[in-house]
Amino acid sequence: MNKNNLKLVNRDEFLTELSKHSELWDYFKDNIDQEKAVSNEGDMDNEFAIYRGDITDNISLNMEAFNMLFIGNIESTLIDSDTDDLGWDEGGSLFITGNVECDYFNGHYGKTTIIGGDLTVKKVLNCGFQDSTSFVLGNLQAKFNYIGDTPFTSLIKTNIENEFYYGDDATELRKSIGLSLDNKIDEIELQERFRELVRK
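Residues numbered from 1 in each chain as written. Predicted model: local features only at pLDDT ≥ 70, side-chain atom pairs only at ≥ 80, totals over all residues. Heavy atoms only, no water.

Trainee: Provide a residue-level description of the overall build of the protein, including the pertinent values.
Mentor: Counting its secondary structure elements, the protein contains 5 helices and 13 strands. When the 200 residues of the protein are sorted by exposure, 52% land in the buried category. In the protein, once contacts between residues fewer than 6 apart in sequence are set aside, the share between residues at least 24 apart is 40%. For the protein, the exposed area adds up to about 9,400 Å²; of that, 40% sits on carbon and sulfur atoms. (Helix = DSSP H or I, 4+ residues; strand = E, 2+ residues; numbered from the N terminus. Buried < 20%, exposed > 50% of the residue type's maximum accessible area, 1.4 Å probe, protein only. Contact = heavy atoms within 4.5 Å. Areas by Shrake-Rupley, 256 points an atom, 1.4 Å probe, with all protein chains shown as cover.)

Take a look at the structure:
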């Protein structure tokens, strides 16, 4: 990520820019509780940010703000929407106007995620976190989709090779990412494993 393309903004500026991207905006305003999804949670500087430009050959894409708008396409090994390191343990939003391609996509508790293009996850999609809402306005494709309370939803076409729920044995999933087969799998274990894999 080129930090020169990142701009911290206030809520009004964030929503004004989001409204310029009609497909995202129309779906957002018609289907999502705006006050809940894009909320002011305090006086911290990292509440709202906009990133302009494509991101390619990125190892790990982490969130720089509680509410993020990416204007462009993204290619990354890991997309991690967790904001614990920023001081937010749940909530917030992630909007991406273009197509997304990654090996691993990791959600977060209470987060609203809307992708304007296609989402292609070559390995594991981990986005069933409690109270989260996740939509792809294009096609959704993933090798493994790990489902919790709220799975990712595609409005056009979904091609998922394997689906698992929290608590499943998920042997094939464990083998594919090098996890022990001894314990039941959960979203936190997956999250930590993704981070380990991209550090190697």
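So that's the structure; there's more coming.
Trainee: Could you give an account of empty space enclosed by the protein, with specific residues and numbers?
Mentor: Summed over the entire model, instances satisfying the criterion amount to 1 cavity of 30 Å³ or more. By volume, the largest cavity is sized at about 40 Å³. In terms of lining residues, the largest cavity is bounded by S81, F105, G107, H108, K111, T113, C127, S132 and S134. Among the residues forming the lining of the largest cavity, the class breakdown is 2 nonpolar, 6 polar and 1 charged. (1 Å grid on protein atoms, 1.4 Å probe; cavity = no way out; pocket = protein on both sides within 12 Å on 5 of 7 lines; lining within 4 Å. Points joined across faces, edges and corners; volume = space filled by probe spheres on them. Nonpolar A, V, L, I, M, F, W, Y, C, P; charged D, E, K, R; others polar.)

Trainee: Which residues make up the packing of aromatic side chains, and what are the values?
Mentor: For the structure shown, the criterion picks out 6 aromatic pairs. Ring centres 5.5 Å apart and planes at 55° place the aromatic pair F14 and F48 in the tilted group. Of this pair, F14 sits in helix α1 (residues 11-18) while F48 sits in strand β2 (residues 48-52), placing them 34 residues apart in sequence. Taking 5.9 Å as the distance between ring centres and 50° as the angle between the ring planes, the aromatic pair formed by W25 and F28 counts as tilted. Note that W25 and F28 are positioned in helix α2 (residues 22-31) at a spacing of 3 residues, about one turn of the helix. Among the aromatic residues, ring-to-ring pairing joins F14, W25, F28, F48 and F95 into one connected group. (Phe/Tyr/Trp six-rings, centres within 6.5 Å; stacked < 30°, edge-to-face > 60°.)

Trainee: Could you give an account of the layout of surface pockets, naming the residues involved and the relevant values?
Mentor: Of the pockets and cavities examined, the largest pocket occupies roughly 220 Å³. What lines the largest pocket is a set of 13 residues, and nearest its centre among them are N62, D80, D82, D85 and R195. Going through the elements one at a time, β3 (55-62), β5 (74-80) and α5 (187-199) are the ones with two or more residues in the lining of the largest pocket. No other element matches the 3 residues that α5 contributes to the lining of the largest pocket. Residues that form the lining of the largest pocket fall into these classes: 4 nonpolar, 3 polar and 6 charged. One number sums up the size of the second largest pocket: a volume of about 180 Å³.

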